[in-house]
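Here is how the chains run, residue by residue.
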Amino acid sequence: MWRYILRRLLYIIPMMLGVSVLTFFVMKLAPGDYLDLLRLNPDVSPEAIEQLNRQFGLDQPAYVQFGRWLWNVLHFNLGHSFNYGAPVSYLIGTRLLNTLLLSVASLALAWTFSFPAGVYAAVKAHSTYDRVLTFAAFIGLSIPNYFLALLLLYLVVHFNLPLPVGGMTSSDFASLSTWGKVADIGRHLIVPAVVLGTASMASLTRYLRSGMLDVLGQEYVVTARAKGLPESRVVWKHGVRNALNVMITIFGFELGSLLNGAALTEIITGWPGMGRLVLEALRAYDYYVVMGTVLMAGVLLVVGNLVADILLAWADPRVRLQ
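Each chain has its residues counted from 1, following the order in which its sequence is written. Per-residue local features are limited, in this predicted model, to residues with pLDDT of at least 70; the limit for side-chain atom pairs, both in listing and counting, is 80 or more; totals at the level of whole chains, interfaces and linings are taken over all residues. Here the side-chain values reflect all heavy atoms present in the structure, with hydrogen atoms and water set aside.

Turning to the overall build of the chain, a few remarks are in order. Only DSSP runs of H or I with at least four residues qualify as helices, and only runs of E with at least two residues qualify as strands; both kinds are numbered from the N terminus onward. What the chain contains, in helices and strands, is 14 helices and zero strands. Only protein chains enter the area calculation, which uses a 1.4 Å probe; residues under 20% of their type maximum are buried, those over 50% are exposed, and those in between are partly exposed. Across the 322 residues of the chain, 40% fall into the buried class. By definition, residues are in contact when any of their heavy atoms lie within 4.5 Å. In the chain, 75% of the contacts between residues at least 6 apart in sequence involve partners at least 24 apart. Accessibility throughout is a Shrake-Rupley quantity obtained with a 1.4 Å probe, and a residue counts as covered only by protein chains that appear here. As displayed, the chain offers around 18,000 Å² of accessible surface, 67% of which is attributable to carbon and sulfur atoms. Within the chain, the 18 negative side-chain charges are centred at a point lying 14 Å from the centre of the 23 positive side-chain charges. His is not counted, nor are the chain ends, whereas Lys and Arg count as positive and Asp and Glu as negative. A single reference atom marks each charge: NZ on Lys, CZ on Arg, CG on Asp, CD on Glu.

What follows is the structure, given as C-alpha cells:
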C-alpha cells in the first residue's frame, strides 16, 4: 500500500511538468502581454515600460521565462504577480481558504441530500417519488450554474428574503462577536453553496440510484431476501455497500475539482475566491498567477484520485492496489 501511494505521488512530478509546459506556452500563443495594457496609458513613458519589460523578464524568449519560473517553483517560489505586485503564493493564500470553504459547503450539501435520496429512489423505483426525483434531477443537471445563481439572486431581492446578494461578509462584520461572524459568513454562503451543490446533487442522486438498481438485481441480494433477512439489512448491507464504488470514484474527482469548479459562481455572487483571481489574471496576462493556480489544481486532482483509490481498496476487498 505505501509503495503504491509513493508511486502515485511520484507520478505528480511528470504530470505537473507536462501541464505547466502546456499551460505556459498556450498562454504565450495569445497576442500581447501584460505591458500592452500599460502602453495604452499615455501617462506611462516608454522608458518606464522598457524598464518593467526587463524587470519582469518579458524581454527574454518564452523558454527562458518558463525555465526561470520552473527553477523558482523548485525552490518553493511561485513567482511574482505583474498585476498586484505581490508574491503569487500570498495571493493564492488569501483566496484559497474562501474557495475551499465554498466548495466543501456545496459538497457537504450535495452528499447529505443525494445519498438518502438516491437510495430511496432505487428502493422505490418507478414510484411517484422516483419520478418526481428524476424530474428534479434532470432540471438540476440541465440548468447552468450562472443562470441558477442569477435566478436565486433575483428571488432574494424580489421577495425581500433575509439573505445577502453578494460578497462574503457584511459591512459591520468587524463589530460582530465570534459567533456573529460565523453566522454572517454562513448567511453569505447559502446562495453560492446552493448553486454549486445543485448540479452535483442531481448527478450524485442519479449515479447512486443507477448503481443501487444494478446491485439490487444481483443473485446474492435475491438470496439474502429468500433467507428472510430484513429489507433494511438487505438494502444497507448488501445493496449500498456494493454500490459505493462508483460514488467513491466520483468523490475523488470532486475533491480534485474543489478549486476550479466554483469560478463562475464566485464571480456572479461576488464571493472573493480563486475564480475571480484567475479571471483577472487571465485578462491581465498575469502569467505566474495563472500558472500557480493551475499547479495547485493539478496537485489536488491527483491527490483526490489517490484518496478515491485508497477508499475503493478499503470498501471493496476485490480491489487490490498493486
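Right, let's talk about unusual backbone geometry for a bit. Although it is not a glycine, Phe 76 adopts a positive phi angle of roughly 60°. Backbone geometry places His 126, a non-glycine residue, at a positive phi of 70°. Under the relative-accessibility criterion, His 126 is labelled exposed at 59%.

Let us now look at the packing of aromatic side chains. Pairs were defined over the aromatic rings of Phe, Tyr and Trp, the Trp ring being its six-membered one, requiring ring centres within 6.5 Å. Orientation was assigned from the angle between planes: stacked under 30 degrees, edge-to-face over 60, tilted for the rest. Evaluation of the coordinates by the stated rule reveals 11 aromatic pairs. Three or more aromatic residues joined by ring pairs make a cluster, and in this case those are Phe 24, Phe 25, Tyr 34, Phe 56, Phe 66, Trp 69, Phe 82, Tyr 287 and Tyr 288.

Between helix H5 (residues 88-123) and helix H14 (residues 287-315), the shortest axis-to-axis distance is 10 Å and the interhelical angle comes to 55°. On the basis of the axis angle, H5 is oblique to H14. As for the relative orientation of H5 and H14, their crossing is right-handed in sense. Contact with H5, carried on its side by Val 88, Leu 91, Ile 92 and Leu 96, involves Tyr 288, Val 289, Gly 292, Thr 293 and Met 296 of H14 and no other residues of that element. Here the contact of H5 with H14 is composed, by residue class, of seven nonpolar, two polar and no charged. To get an axis, a line is fitted to the C-alpha atoms, and for a helix only the part in contact is used. The angle between two axes follows their N-to-C directions and goes from 0 to 180 degrees. Should an angle fall under 35 degrees it is called roughly parallel, over 145 degrees roughly antiparallel, and 65 to 115 degrees roughly perpendicular, with every other angle called oblique. Note: crossing handedness is left-handed where the near helix turns anticlockwise from the far helix by less than a right angle, and right-handed where it turns clockwise. Side-chain classes follow a simple rule in which Ala, Val, Leu, Ile, Met, Phe, Trp, Tyr, Cys and Pro form the nonpolar group, Asp, Glu, Lys and Arg form the charged group, and the remainder, Gly included, forms the polar group.

What follows is about the pattern of salt bridges. Should their charged atoms come close, side chains of opposite charge can pair. The rule for a salt bridge is simple: a side-chain nitrogen of Lys or Arg has to be within 4 Å of a carboxyl oxygen of Asp or Glu. Tallied over the entire structure, the rule returns six salt bridges. Among the ionic pairs, Asp 184 bridges to Arg 187, the shortest N-O distance being 3.6 Å. Taken together, the residues span about one helical turn, with Asp 184 and Arg 187 both in helix H8 (residues 178-216) at a distance of three residues. Looking at Asp 184, the relative accessible area reads 4%, which means it is buried. On the accessibility criterion, Arg 187 (35% relative accessible area) is partly exposed. Connected via shared salt-bridge partners are Asp 33, Asp 36 and Arg 39.

A few words on a nonpolar patch on the surface. A grouping of Tyr 146, Phe 147, Leu 150, Leu 151, Tyr 154, Leu 264, Ile 267 and Leu 279 is seen on the molecular surface, where their side chains present a nonpolar patch of about 740 Å² in accessible area. Within the residue set of the nonpolar patch, elements represented by two or more residues are helix H7 (145-158) and helix H12 (263-269). Broken down by element, the residue count for the nonpolar patch peaks at five residues, all from H7. Along the chain, Leu 151 falls in helix H7. Classification of Leu 151 by relative accessible area gives partly exposed; the value is 34%. Nonpolar side chains (Val, Leu, Ile, Met, Phe, Trp, Tyr) are joined into patches within 5 Å and like charges within 9 Å, using only residues with over 30% relative accessible area and no salt bridge.

Further remarks concern the environment of Thr 99. Considering the arrangement of structural elements, one finds Thr 99 in helix H5. Take Thr 99: its relative accessible area is 0%, and that puts it in the buried class. Measuring from C-alpha to C-alpha, the distance between Thr 99 and Gly 275 comes to 8.0 Å, with 176 residues separating the pair along the chain.

Now for a positive patch on the surface. A cluster of basic residues, Lys 227, Arg 233, Lys 237 and Arg 241, forms a positive patch at the surface. Here Lys 237 shows up in helix H10 (residues 231-240).

What follows is about H10. Regarding H10, the residues found buried are Val 234, Val 235, Gly 239 and Val 240. Down the axis, H10 shows its buried residues gathered within 135° of arc, on one side only. The reported arc concerns the directions from the helix axis to the C-beta atoms and nothing else.

On to the confidence of the model for the chain, then. Considering every residue of the chain, the mean pLDDT works out to 83; 96% of them sit at 70 or more. A residue's pLDDT is the confidence the predictor assigns to it, expressed on a 0 to 100 scale. Confidence scores differ between elements of the chain, with helix H11 (residues 244-256) showing the lowest mean pLDDT of 74 and H7 the highest of 89.

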